[in-house]
Amino acid sequence: MLVIVAPGQGAQTPGFLAPWLEDPTFADRINWLSAVCDTDLAHYGTDADADTIRDTAIAQPLLVASGLVAALALFPHPADAFRVIDLAAGHSVGEITAAAGVGVISAEQAMVFVRQRGKAMAAAAAEHRSGMMAVLGGDPEEVLAAIARHDLVAANNNGPGQVVAAGTLEALERFSADPPARTRLVPLQVAGAFHTNYVAHAVDLLGGYARAITTHDPRTRLLSNRDGHVVHDGREVLDRIVTQVSSPVRWDLCMRTMEDLGVTGMLEMPPAGTLTGIARRALRGVETFALKTPDQLDDARAFVEKHGEGGPLEGNPTWRLLVAPTKGVFSLAAEQAAGAALAPGAVVGNVRSGRDDLQVAAPHGGTIVEWLVEDGDPVSPGQPLVRLHPVSAQ
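Residues numbered from 1 in each chain as written. Predicted model: local features only at pLDDT ≥ 70, side-chain atom pairs only at ≥ 80, totals over all residues. Heavy atoms only, no water.

Caption draft 1: View of empty space enclosed by the protein. Counted by the stated rule, this structure contains 2 cavities of 30 Å³ or more. Estimated volume of the largest cavity: approximately 80 Å³. Lining the largest cavity are Gly90, Glu95, Ala98, Ala99, Leu222, Leu223, Ser224, Val231, Val237, Arg240 and Ile241. Secondary-structure elements contributing two or more residues to the lining of the largest cavity are α6 (94-101) and α11 (234-243). (1 Å grid on protein atoms, 1.4 Å probe; cavity = no way out; pocket = protein on both sides within 12 Å on 5 of 7 lines; lining within 4 Å. Points joined across faces, edges and corners; volume = space filled by probe spheres on them. Helix = DSSP H or I, 4+ residues; strand = E, 2+ residues; numbered from the N terminus.)

In structure tokens, the structure reads:
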């Protein structure tokens, strides 16, 4: 089983786009996305120094564009990708890359949205003296307790041994003077305390933009940073990306879902290395591939063929599937046979696990074509539950 992942801010390094831009097709696509987001991506990906590309308003469009264009190089015919990709996920701003990659929004929509996201987050962060600090090592429970004790937030939980604390600079100074046992603290060169309430103003602004964007349901299973759940409604995907700006990134829960699904291979899009590095420590037995340069494309395609099985969401485009958000046991809300009409928002059942009890609703309504599970069946994340004809009940 194959998962394609897209990294977040901090993965960029000076000159990482240079080898890719030697390909005229890649260069043309980067130039087009540069025009869309009004940012000279070729310059920032080749000639700019580390301090320049650390700027949130530059780094975020650069990351999304590089991932999307590299994906086109890896999968020249996107329809072929969905026949082999089982799962997709992005870390922080990488969620925009992943959403566009699986068809929720277009590349052009993604670039306009990420440009505004970067600007809004930079502006919101400038209103406070705040920052972020990586906490490496230590006992996970002790680390989280120490972060809370110093009035900080665990803004990124990337699994055992890697948590990012965020908050005011004064609180971070107190934390540095009283760190958890057996940890190493690394201040991050970022503009502010992202994924906390310190950038909540950006959420309101981005929510307005998101409401104007037309979405489509993902073409394969897509994980959310909020809780590691599979989300298969396009509007919910975009809404979660908006609120995630001021909410913690739970990459640890995304990896737990990957384990639940039995992922065997992880391929990271450029600028690659961060997420595959985490996976090598946290996902034992999962083979990883960090796609960094175009001379790796043939090997990357072989990796995809080795691990990819194809997600369960292909089918007639006139059908809509409701899928399980997490691993657990499915229970019907009520007996509803094929042909029954569902109103928008109707609850069809719930999935209960050891840590969640989640409703499954039909956000757009529709007519039941067939049930794909029965009451009491165990289900996996993203497993189709019921097939609907997408015509809302009257």
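Caption draft 2: Layout of the sheet that holds strand β12 (residues 341-342). Strand order in this open sheet of 4 strands is β10-β17-β15-β12, and the pairing throughout is antiparallel. Both edges of this open sheet fall to β10 (320-323) and β12, since each of them pairs with a single strand only. By the bridge criterion, 2 bridges tie β12 to strand β15 (residues 366-371) in an arrangement that is antiparallel. Paired with Leu342 across the bridge in β15 is Gly366. (Pairing = 2+ DSSP bridges.)

Caption draft 3: Region of the structure containing the layout of surface pockets. Taken as a whole, the largest pocket spans an internal volume of roughly 630 Å³. Lining the largest pocket are 30 residues, with Gln9, Gly10, Ala11, Leu188 and Val190 positioned closest to its centre. Looking at the lining of the largest pocket, the element that brings in the most residues is helix α13 (residues 274-282), giving 3 residues. Taken together, the residues of the lining of the largest pocket sort by class into 14 nonpolar, 14 polar and 2 charged. (Nonpolar A, V, L, I, M, F, W, Y, C, P; charged D, E, K, R; others polar.)

Caption draft 4: Geometry of the sheet that holds strand β9 (residues 287-290). The sheet built from 5 strands is open, its strands ordered β7-β2-β1-β8-β9 with parallel pairing. The open sheet terminates on both sides in strands that have one partner only, identified here as β7 (221-222) and β9. For strand β2 (residues 87-90) and β7, the ladder comprises 2 bridges, and the chain directions are parallel. Residue pairing across strands places Leu87 opposite Arg221, the latter belonging to β7. Each of β1 (2-6), β2 and β7 touches α6; the most contacted strand, β2, lies at about 150 degrees to it. Contacting β1, β8 (265-268) and β9, α13 runs over the sheet at an angle of about 155 degrees to β8. (Contact = heavy atoms within 4.5 Å. Axes fitted to C-alpha atoms, helices over the stretch in contact; angles between N-to-C directions.)

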